[in-house]
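As a plain string of letters, each chain reads:
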Amino acid sequence: MMLKLQNLTVVYPDKTKAIDNLSFTLNAGENIALIGENGAGKTSLLLAIAGILKAKGAIEIPKQIGLVFQNPDDQLFMPFLYDDIAFGCRNLGLSEEQTKAKVEETLEMLNISHLKNRSSLKLSCGEKRMAAIATVLSMSPSILMFDEPTAYLDPKARRLLAETLKKLPHEKIIATHDMAFAAEVCNRVIALKDGRIAADGPKDLLRDEELMRVLGFF
Amino acid sequence: MINKIQELNALEQLSGGDTYAHRLNPAAKLLATAVFIITVISFGRHALMLLVPYVFFLTLLMILSETPHLILLKRFLVALPFCFFAGISNVIFEPAPYGLISFFTILLRAYLCVMAALLLVSVTPFCEIANSMRRLRVPGVFVAVLEMTYRYISVLLGEAYSMYIAYSLRNAGKKGIRMRDMGSFAGQLLLRSFDRAERVYNAMKCRGYVLNAIPQNRQNFASKDFIFLILVCIFCLAFRLMVI
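Conventions used here
Residues numbered from 1 in each chain as written. Chains lettered and ligands numbered in written order. Predicted model: local features only at pLDDT ≥ 70, side-chain atom pairs only at ≥ 80, totals over all residues. Heavy atoms only, no water. Helix = DSSP H or I, 4+ residues; strand = E, 2+ residues; numbered from the N terminus. Buried < 20%, exposed > 50% of the residue type's maximum accessible area, 1.4 Å probe, protein only. Contact = heavy atoms within 4.5 Å. Lys, Arg positive; Asp, Glu negative; His and termini not counted. Charge placed at Lys NZ, Arg CZ, Asp CG, Glu CD. Rg over C-alpha atoms; globule rule 2.2 N^0.38 Å. Areas by Shrake-Rupley, 256 points an atom, 1.4 Å probe, with all protein chains shown as cover. Salt bridge = Lys/Arg side-chain N within 4 Å of Asp/Glu carboxyl O. Polar contact = N/O pair within 3.5 Å; in protein donor to acceptor, adjacent residues only side chain to side chain. Patch = residues over 30% accessible without salt bridge, like charges linked within 9 Å, V, L, I, M, F, W, Y side chains within 5 Å.

Attention now goes to the overall build of chain B. Per the secondary structure count, chain B includes 10 helices and zero strands. Ordered by position in the sequence, the α and β elements of chain B form the string α-α-α-α-α-α-α-α-α-α. Overall, chain B is about 65 × 55 × 30 Å in size when its C-alpha atoms are taken along their principal axes. Looking at the 244 residues of chain B, the share that counts as buried comes to 41%. Here the contacts in chain B between residues at least 6 apart in sequence split such that 78% fall between residues at least 24 apart. Positive and negative charge centroids in chain B, built from 24 and 12 side chains respectively, lie 3 Å apart.

This part is about the overall build of chain A. What chain A contains, in helices and strands, is eight helices and nine strands. A globule of 218 residues ought to have a C-alpha radius of gyration of about 17 Å, and chain A, at 17 Å, matches this closely. The dimensions of chain A, computed from C-alpha atoms along their principal axes, are 50 × 35 × 35 Å. Put simply, 63% of the contacts in chain A that link residues at least 6 apart link residues at least 24 apart. Counting every atom, chain A has about 9,400 Å² of accessible surface; 49% of that belongs to carbon and sulfur. Looking at charge distribution, chain A has the averaged site of its 27 positive side-chain charges lying 1 Å from that of its 28 negative ones.

A few words on helix H7 (residues 126–135) of chain B. Residue and element names in this part refer to chain B. For H7, the tally of buried residues reaches 10 of 10 residues, placing the bulk of the element in the interior. Looking at H7, one finds that the buried residues are Phe-126, Cys-127, Glu-128, Ile-129, Ala-130, Asn-131, Ser-132, Met-133, Arg-134 and Arg-135. One or two steps after H7, the chain reaches Arg-137, where phi turns positive at roughly 65°.

Attention now moves to the pattern of salt bridges. Residues and elements named next belong to chain A. If you walk through the whole model with that rule in mind, you get 28 salt bridges over all chains. Linking Asp-73 and Lys-128 is a salt bridge whose minimum nitrogen-to-oxygen distance equals 3.0 Å. With Asp-73 in helix H2 (residues 72–75) and Lys-128 in helix H5 (residues 125–137), this pair connects stretches of sequence that are 55 residues apart. Asp-73 gets classed as partly exposed once you look at its relative accessible area, which sits at 26%. For Lys-128, a relative accessible area of 14% gives the class buried.

With that settled, consider the side chain of His22(B). Residue and element names in this part refer to chain B. Relative to the assigned elements, His-22 resides in helix H2 (residues 20–23). His-22 sits in the buried class, given a relative accessible area of 14%. Side-chain polar atoms of His-22 contact the side chain of Thr-19, separated by 2.6 Å. Ignoring sequence-local partners within four residues, the contact set of His-22 consists of Leu-14, Ser-15, Gly-17, Lys-29, Ser-65, Ser-122 and Val-123.

Attention now goes to a nonpolar patch on the surface. Residues and elements named next belong to chain B. Residues Leu-31, Leu-136, Phe-221, Phe-226, Ile-230 and Ile-234 make up a contiguous nonpolar surface patch of roughly 510 Å² in combined accessible area. A total of three residues in the nonpolar patch trace back to one element, the largest contributor, which is helix H10 (residues 223–243). Mapped onto the secondary structure, Leu-136 falls in the loop between H7 and helix H8 (140–169). Judged by relative accessible area, Leu-136 falls into the partly exposed class, the value being 35%.

Right, let's talk about unusual backbone geometry for a bit. Even without being a glycine, Asn21(A) presents a positive backbone phi close to 50°. Residue position: Asn21(A) is located in strand E2 (residues 17–26).

If you want it as structure tokens, here you go:
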């Protein structure tokens, strides 16, 4: 078991129930696609797992967890990419030498070493996405979570992202509207509707027209 | 505006260098800068000539740290109007030539203080300065405000830039923002910046940021750091005490 949620409920200050008594377990080797229409609770769920949103219920996370935000601009806030990637390592208490080694290793893993000294303002959307992933990967999380990773990407960058994610050995939870991407990268699907699980099963669920209709995709 | 943000980052880029000054302990550099600034501001308002040795000393430090003087000078020009208006009243209200002397003393003191702070930033990554402040027990709120200001300046400029582009594209080819739209533009910018700042802060928390946590990876004082700090203190105090 990598992650276990039990009776998770998230209520916003205006009393909107974003997540309603939700439970599931992420097992080793699983990559979960979180699907659902806008406002279904995908982002709230990711933020609650990451500890950003206060939630009722139990979240069991054995190790470090990494969250890649929908908008990479929110994740890249330092003057240069190197500092952005080093930010998490420094917070983990790594020495400068260890931080440098970790940053280099992460950049190489994602094939973006050439961007090391660039400002995030000068990156393309695809590069920003890879950079945002690097900021999280450098902290060696055991589970990776992505919020709409294909947003703002052209087909080529999207393909590159899918290839990259498939190579990463981590368990993943990916909130997305991109069904083709979900089918390519994930092996399990959890469909959310109004903050509850509408369906949970293998990726074949993505071909279930009835489910897609229930979710409001058709 | 992107170029302006890049210019803001130019000093940070310099701090990634590898000179003797860059390798010194950040806390030693911070303390030395504080001693220098306190000494400079302790001089009287007519002590123009007494400040000259400090100009030479600062220039020497800049040469040793291989910091391009022009970049720092450009940044000082931003502060210049404030110093100018702070000193101009002396010219008017004090009898000649004391008014002029005190005016130029204010300018020179501002030059020395701002350039010393800029020199510190250009040879030390900002996160190291903030960490050193925490280790030196500077109040956490003060360090946090400094850190957030530094981090959010580019966020604010980025938001302003995208809003300005969106505005200009629907402004029938006219340049700038019309006065009647200025209020709502500023208000929207504030609200959007709050929203964006919250998301950035969430991203920071996700990557282990804890407000005012004292970092574990501390760089201990080496003998070279002590020597540097002592030399700066001796120089500053020697010229200051000579006057007393």
